[in-house]
Amino acid sequence: MPGFISDSPLARDLIRIGDEAIAREDDVALRAYFIEDYVFHGPGADLSFDQMRAYFASLRAAFAGLRLVREQIIVDGNFLAARTTFSGDFTAVLSYSPIGSVEPTGQHLEWEVIGTFRYDEHGRLAEEWVQTDYRSFLTKLGVTTTESARQGS
């Protein structure tokens, strides 16, 4: 079901927060969307809300025209699953990659993540689990296998 998006308010809010506060900076909206003790469970590490904010800021700094497109969103109660494509022109150093800082290539990049989100009783994001193909992402960033091995990945 490519392009399927639930008509749930949680789905609409996920799209809105991606457009308004992740692709562009809106700290007030971001803080209103996430609970204070939010936890991100990602490949290799858990992150707090402040660490996720830093990651979002690093994406905005590194990728001109950063964009998030929610390809599919399925909602079941307080849980939501989504396939998201990130894209942008890699024009500045990405300081928050899986292997540390990566120099820009100037190329337009796209990468996909699949996430499961848990919301609290007020519709605020409480917890998130994300899977992505980091090897493919690093290759798109221009990192070679030798570089990633040298940096400890």
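Refer to the structure printed above.
Residues numbered from 1 in each chain as written. Predicted model: local features only at pLDDT ≥ 70, side-chain atom pairs only at ≥ 80, totals over all residues. Heavy atoms only, no water.

Asks: Now, about the pairing of strand β7 (residues 108-119): what can you tell me, with residues and values included?
Replies: Along β7, the buried face is formed by Leu109, Trp111, Val113, Gly115, Phe117 and Tyr119; none of His108, Glu110, Glu112, Ile114, Thr116 and Arg118, which line the opposite face, is buried. Both strand β4 (residues 79-90) and β7 contribute to a ladder of 11 bridges, which runs antiparallel. Residue pairing in the sheet places Ser87 in a bridge with Glu110 of β7. Alignment of β7 against strand β8 (residues 125-132), held across seven bridges, turns out to be antiparallel. (Buried < 20%, exposed > 50% of the residue type's maximum accessible area, 1.4 Å probe, protein only. Helix = DSSP H or I, 4+ residues; strand = E, 2+ residues; numbered from the N terminus. Pairing = 2+ DSSP bridges.)

Asks: Which residues make up the side chain of Glu128, and what are the values?
Replies: As for its position among the elements, Glu128 is in strand β8. One buried charged side chain, Glu128, makes no salt bridge at all; its nearest oppositely charged neighbour is Arg70, positioned 6.4 Å away. Apart from the residues within four sequence positions on either side, Glu128 is in contact with Tyr38, Val39, Phe40, His41, Thr116 and Phe117. (Lys, Arg positive; Asp, Glu negative; His and termini not counted. Salt bridge = Lys/Arg side-chain N within 4 Å of Asp/Glu carboxyl O. Contact = heavy atoms within 4.5 Å.)

Asks: Would you mind going over the packing of aromatic side chains in detail, with residue names and values included?
Replies: For the coordinates displayed, the defined rule picks out 11 aromatic pairs. Relative to Phe34, the ring of Tyr33 has its centre 5.5 Å away and its plane inclined at 75°; by these criteria the two rings are edge-to-face. Each of the two residues, Tyr33 as well as Phe34, counts as buried. Aromatic pair Tyr33 and Tyr119: ring centres 6.1 Å apart, planes at 80°, arrangement edge-to-face. (Phe/Tyr/Trp six-rings, centres within 6.5 Å; stacked < 30°, edge-to-face > 60°.)

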